[in-house]
Amino acid sequence: MAQLEKTMFREYDIRGRVNDAELNATTAELIGKGFGTFLENRGIQDMVVGYDCRFGSVEIKDGLVKGLRSTGRNVIMVGMCLTPMMYWAQYRFDVKGGAMITGSHNPKGWNGLKLAAGLSKTLVGEEISELYGIIEAENFATGHGDYAEVTIEDDYAADLVGRVSIPKKLKVVIDTGNGTAGAFAPKIFRDAGVEVIEQFTDLDPDFPNHEPDPARKDTVEMLGSRVLKEGADMGFAFDGDGDRFGLVDERGEVIWPDRYMILLSRQVLERNPGGKIIFDVKCTQALEDDIRDHGGVPIMWRTGHSHIKAKLHEEQAALAGEMSGHIFFVENYYGFDDGVYSGLRFVEYVAGQQGPLSNIMEGTPSYLSTPAIQAHCGDEVKYGVVERLTADLKKDFDRVIDINGARVVFEDGWGLVRASSNLPELVLRFEAKTPGRLEEIKKTFRQYLSKYPEVSEKWENE
């Protein structure tokens, strides 16, 4: 019976540390055999594989491909790329199988796999569990799959650039945190007519400047400083595999994804009146309000790119987005999360408006809110803690949205706690109409969390 660290198999992807116990060529081969069998059971023969620039990615890729081919899967290798480039290649070659080796925004030393079993369809909880069961039982399909290497960079770039029309030249700082997006994003933006200032775009898996995570304060603060220095119109920060982006305005002030989604929603609703727009439980109430005000249908759903993609297609929505910066365009795109394409669409919208970005944002509804805050909690206990905490909160408060953790809704704000799918931590976020009330809601949640010794009292990114 094959033994793999079960905590690597998360809600919507696989994440683990690159070492002898978790992710390496040997365990990747087992994952490849398991995933190849998973695809065989669904009649999927062909698949695309790509990988990022992290330590261990090449070795994991080699093991994965060996395992996939041993089950009879035919592998189209697109090489080092962004996660959305792998998704794009599924459409380009019309194949349903897909695997991307990436640690996304996780710290140095981590890696992982995002797995697809359909166009714009990545595995979710029950399917991840099924995959783990196949590996554990070692009940693998057998065969001799083919292998081909292809280059997609130029065709992908041309497709994205051809889908936008930017009416005036804007100056944009692009920070990729030394992650894989540095090899692709700057050129694509230049091809679209944007003046690009590059920051930390050299590939370096040591991530010497900051982790490639646009949700971190240090990332957007460094980006904001460069925007001010250069007199740029805005700045983008891309995560390690390019499927999400962070934003600062011309003043160097951060605009969190649930806020910039207001503008993207307006753009989509102009072209698709009455359209449905999906957003996750971490998003601001202002987004829901503005979607309604502009004739759209707002739908709140679970956090996680696989969950959001599934809901997007179930509802036949025009757009979806998460507080983390995953944005999914169906209108004029494929329905998967692509940070580069979403950034281009944002520039297209802003370039068609009057005044600087900060003025445009002043015309949107707003609340006082925190960024996503993290509190350490072990992988093996975090879901149980959230389940018990949710039950406690539902006893004491009238409105608790429990589609993903617990979002407690008050008349003048809300607070959220949920288990991170990628790291051993709980994720919290708070919003209110006044600074005093925001602190009161945070204090309430601290009191409830203090009952659980498994949860660290120290909050990161607060």
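Before reading on, note that the structure itself is shown above.
Now for a description of the structure that goes with this document. (Residues numbered from 1 in each chain as written. Predicted model: local features only at pLDDT ≥ 70, side-chain atom pairs only at ≥ 80, totals over all residues. Heavy atoms only, no water.)

**Structural notes on the packing of helix H1 (residues 25–40) against helix H4 (residues 125–137)**
A packed helix pair is summarised by two numbers, namely the angle formed by the two axes and the spacing between the axes. As a reminder, the rule being used: Fitted lines through C-alpha atoms give the axes, limited to the stretch in contact for helices. The angle between two N-to-C directions lies from 0 to 180 degrees. Labels follow the DSSP assignment, with helices taken as runs of H or I lasting at least four residues and strands as runs of E lasting at least two, numbered in each case from the N terminus. Crossing handedness is defined as follows: a turn of the near helix away from the far one that is anticlockwise and smaller than a right angle gives a left-handed crossing, while the clockwise case is right-handed. The contact definition used throughout considers only heavy atoms, calling two residues in contact when any of these lie within 4.5 Å. Three classes are used: nonpolar for Ala, Val, Leu, Ile, Met, Phe, Trp, Tyr, Cys and Pro, charged for Asp, Glu, Lys and Arg, and polar for all others, with Gly counted as polar.
Where H1 contacts H4, the axes come no closer than 9 Å and their chain directions differ by 115 degrees. The interaxial crossing formed by H1 with H4 has right-handed handedness. Contact residues: H1 offers Leu-30, Ile-31, Gly-34, Phe-35, Thr-37 and Phe-38, while H4 offers Glu-127, Glu-130, Leu-131, Ile-134 and Ile-135. Split by residue class, the contact of H1 with H4 holds seven nonpolar, two polar and two charged.

**Digging into the packing of helix H13 (residues 382–396) against helix H14 (residues 435–449)**
Let me state the cut-off plainly: Orientation is classified from the angle alone, with under 35 degrees giving roughly parallel, over 145 giving roughly antiparallel, 65 to 115 giving roughly perpendicular, and any other angle giving oblique.
One way to put it is that H13 packs onto H14 with a least axis distance of 11 Å and a crossing angle of 125 degrees. On the basis of their axis angle, the class for H13 and H14 is oblique. The handedness of the crossing between H13 and H14 comes out as right-handed. Contacts from Leu-389, Asp-392, Leu-393 and Asp-396 in H13 reach Phe-445, Tyr-448 and Leu-449 in H14. A per-class count over the contact of H13 with H14 returns five nonpolar, no polar and two charged.

**A short note on the nonpolar core**
Test applied: Only buried residues count toward a nonpolar core, which is a set of Ala, Val, Leu, Ile, Met, Phe, Trp, Tyr and Cys residues joined through side-chain atoms within 4.5 Å. The buried label goes to any residue with under 20% of its type's maximum accessible area, the exposed label to any with over 50%, and the partly exposed label to all in between, with areas taken from a 1.4 Å probe on protein chains only.
Phe-189, Met-234, Phe-236 and Phe-346 are the most contacted members of the largest nonpolar core, which totals 80 residues. Of the residues forming this core, the biggest block, eight residues, is contributed by helix H11 (residues 339–351). Residues contacting Phe-236, with those up to four places away along its chain left out, are Val-172, Val-173, Ile-174, Asp-175, Phe-189, Leu-223, Phe-245, Gly-246, Leu-247, Gly-343, Phe-346 and Val-347. Within the second largest apolar cluster, 34 residues are counted, among which are Met-8, Ile-14, Leu-115 and Leu-123.

**Some remarks on the sheet that holds strand S15 (residues 327–329)**
Our working rule: Two strands qualify as a pair provided DSSP detects at least 2 bridges between them.
With mixed pairing, four strands are arranged side by side in an open sheet as S13-S12-S14-S15. If you trace the sheet from one side to the other, it starts and ends with strand S13 (297–301) and S15, each paired once. Here the average twist between neighbouring strands, direction ignored, is 15 degrees. Bridging between strand S14 (residues 319–321) and S15 involves three bridges; their strand directions are antiparallel. Residue Gly-321 lies in a different strand from S15, and its bridge partner there is Ile-327. Strands strand S12 (276–280), S13, S14 and S15 of the sheet are contacted by helix H10 (residues 305–315), whose axis makes an angle of about 160 degrees with S12.

**As for the layout of surface pockets**
For the record, the criterion: Residues are said to line a cavity or pocket when one of their atoms sits within 4 Å of a point; the points come from a 1 Å grid over protein atoms alone, cavities being sets where a 1.4 Å probe fits but cannot get out and pockets being open sets with protein on both sides within 12 Å along at least five of seven lines. Grid points are joined across faces, edges and corners, and a volume is the space filled by probe spheres set on the points.
In this structure, the largest pocket encloses a volume near 730 Å³. What lines the largest pocket is a set of 39 residues, among which His-105, Asp-213, Gln-374, Leu-423 and Glu-425 lie closest to the centre. Sorting the residues of the lining of the largest pocket by element identifies helix H7 (217–230), strand S17 (373–376) and strand S21 (425–432) as the ones contributing at least two each. For the lining of the largest pocket, the element with the highest residue contribution is S17, accounting for three residues. Approximately 380 Å³ is the volume found for the second largest pocket. As for the second largest pocket, its lining consists of 16 residues, of which Val-254, Ile-255, Trp-256, Arg-259 and Tyr-367 are closest to the centre. Counting only elements with at least two residues in the lining of the second largest pocket, the list comes to strand S11 (254–255), helix H12 (357–362) and strand S16 (368–369). Element by element, the count of residues in the lining of the second largest pocket is highest for H12, at three residues. In the lining of the second largest pocket, the residues fall into eight nonpolar, three polar and five charged.

**Description of the packing of aromatic side chains**
Stated formally: Think of it this way: a Phe, Tyr or Trp ring, Trp meaning its six-membered ring, pairs with another when their centres are within 6.5 Å, and the plane angle makes it stacked under 30 degrees, edge-to-face over 60, tilted otherwise. Put simply, a charge is over a ring when the Lys NZ or the Arg CZ is close to the ring centre, within 6 Å, and near the line of the ring normal, within 35 degrees.
Counted by the stated rule, this structure contains 23 aromatic pairs. For the ring pair Tyr-87 and Phe-336, a centre distance of 5.4 Å and an interplane angle of 55 degrees mean the geometry is tilted. With Tyr-87 in helix H3 (residues 83–93) and Phe-336 in the loop between S15 and H11, this residue pair connects regions lying 249 residues apart in the sequence. Neither Tyr-87 nor Phe-336 differs from the other in exposure class; each is buried. Both rings, one in Trp-88 and one in Tyr-156, keep their centres 5.9 Å apart while their planes meet at 80 degrees; by these two values the pair is edge-to-face. Pair noted here: Trp-88 is in helix H3 and Tyr-156 is in helix H5 (residues 153–162), with a separation of 68 residues, a long-range link. The class for Tyr-156 is buried, based on a relative accessible area of 1%. Residue placement shows Lys-311 over the ring face of Trp-301; its charged tip is 4.1 Å from the ring centre. Here the basic side chain of Arg-446 rests over the ring of Trp-459, its NZ or CZ set 3.7 Å away from the ring centre.

**With respect to the pattern of salt bridges**
Selection criterion: In the sections that follow, a salt bridge refers to a side-chain nitrogen of Lys or Arg positioned within 4 Å of a carboxyl oxygen of Asp or Glu.
Under the definition given, this model contains 43 salt bridges. Notably, a salt bridge pairs Glu-40 with Arg-73, separated by 2.5 Å at the nearest N-O pair. A residue pair is termed long-range when its members are at least 10 positions apart, and Glu-40 in helix H1 and Arg-73 in the loop between helix H2 (57–70) and strand S3 (74–80) qualify at 33 residues. The exposure class assigned to Arg-73 is buried, which follows from its relative accessible area of 1%. Here Arg-54 ties to Asp-52 by a salt bridge, and the two come within 3.8 Å at their closest N and O atoms. Here the two residues Arg-54 and Asp-52 agree in accessibility, since each one is buried. Through salt bridges that share partners, Arg-271, Glu-331, Arg-345 and Glu-348 make up one connected network.

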